[in-house]
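# Topology and contacts: notes
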Amino acid sequence: MKTGLPSKWVMLMLSMALVACGESPPPNTPSEPVSTVQALKDTPVIPVALQEVVDTYVLGGKSTDLQRDVMTDKLTGATVSWRFKVYDVIKEDGRYRVMSELMVGSESEAFGKFTVVAFVTARDQQDDEALLKLQTGSEVEIRGRVDGLMVRTALILSPAELVR
């Protein structure tokens with residue numbers, strides 16, 4: 001059976017609805033202590049490209065459930081450092097929630113979108129100023145520990161920090 005554009009549109013809308021209904025991190029989660037964030041500098045970064053992660057999880061991609069499970073096991077609890085374009089920044093409970101723009105898979109069959117949500121604790125006034133200046137479309141590099149994945153469409157980094 002050949003799937004056309006209407007089927008892909010329905011799948012995209014369904015995936016967006018699932019993301020909207022998915023559990024989000026509790027809004028009253030206390031911010032990470034600065035010492036925990038600074039400890040990120042002492043942990044090695046795993047060499048996984050962000051586009052490889054996007055291609056693994058994006059809807060309509062060619063990765064199998066087994067490949068996604070292996071990637072999830074590899075990422076969960078690991079420290080990553082990625083550069084991405086900012087979609088939005090929200091300050092809550094003393095830390096910043098930095099969301100990436102929606103990213104697409106590199107395969108032509110992929111139709112889903114993927115985002116990174118990083119909970120960044122400012123280390124000093126310079127970090128606060130840099131985070132306040134971020135706008136939609138700005139590029140930022142974030143280093144953080146992978147805390148989890150939401151419905152194959154969002155990767156959570158917490159704690160996280162700006163890379164200067």
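Preceding this section is the structure that the text describes.
Residues numbered from 1 in each chain as written. Predicted model: local features only at pLDDT ≥ 70, side-chain atom pairs only at ≥ 80, totals over all residues. Heavy atoms only, no water.

## Considerations on the pattern of salt bridges
Under the criterion given, the structure shown has nine salt bridges. Ionic pairing is found between Arg97 and Glu92, a salt bridge with its closest N-O pair at 4.0 Å. You can call Arg97 partly exposed: its relative accessible area is 22%. (Salt bridge = Lys/Arg side-chain N within 4 Å of Asp/Glu carboxyl O. Buried < 20%, exposed > 50% of the residue type's maximum accessible area, 1.4 Å probe, protein only.)

## A look at unusual backbone geometry
The residue after Ser158, namely Pro159, is reached through a cis peptide bond having omega 0 degrees. On the secondary structure map, Pro159 appears in strand S6 (residues 154–162). Even without being a glycine, Arg152 presents a positive backbone phi close to 60 degrees. Here Arg152 shows up in the loop between strand S5 (139–150) and S6. (Helix = DSSP H or I, 4+ residues; strand = E, 2+ residues; numbered from the N terminus.)

## Considerations on the nonpolar core
Soluble globular proteins tend to bury their nonpolar side chains together. Counting 30 residues, the largest nonpolar core has Leu75, Ile142 and Leu157 as the members making the most contacts within it. Listed in part, the five residues of the second largest apolar core include Val117, Met150, Ala154 and Ile156. (Core = buried A, V, L, I, M, F, W, Y, C linked by side-chain atoms within 4.5 Å.)

## Quick notes on the packing of helix H3 (residues 50–57) against helix H4 (residues 65–75)
The N-to-C vectors of H3 and H4 enclose an angle of 140 degrees; their axes lie 9 Å apart at closest approach. Considering their axes alone, H3 and H4 lie oblique with respect to each other. As for how H3 packs across H4, the hand of that crossing is left-handed. Within the contact between the two elements, H3 uses Glu52, Val53, Thr56 and Tyr57 and H4 uses Gln67, Arg68, Met71, Thr72 and Leu75. Considering only residue class, the contact of H3 with H4 consists of four nonpolar, three polar and two charged. (Axes fitted to C-alpha atoms, helices over the stretch in contact; angles between N-to-C directions. Parallel < 35°, antiparallel > 145°, perpendicular 65-115°, else oblique. Left-handed = near helix turned anticlockwise from the far one by under 90°. Contact = heavy atoms within 4.5 Å. Nonpolar A, V, L, I, M, F, W, Y, C, P; charged D, E, K, R; others polar.)

## What about the environment of Trp82?
Its location among the elements puts Trp82 in strand S1 (residues 79–92). A relative accessible area of 4% places Trp82 in the buried class. On a C-alpha basis, the gap between Trp82 and Val163 in space is 9.2 Å, while along the polypeptide they are 81 residues apart. The residues contacting Trp82, other than those within four sequence positions of it, are Val48, Ala49, Leu50, Val53, Val116, Val140, Glu141, Ile142 and Leu155. Only 2.8 Å separates the side chain of Trp82 from the backbone oxygen of Val48, close enough to count as a polar contact. (Polar contact = N/O pair within 3.5 Å; in protein donor to acceptor, adjacent residues only side chain to side chain.)

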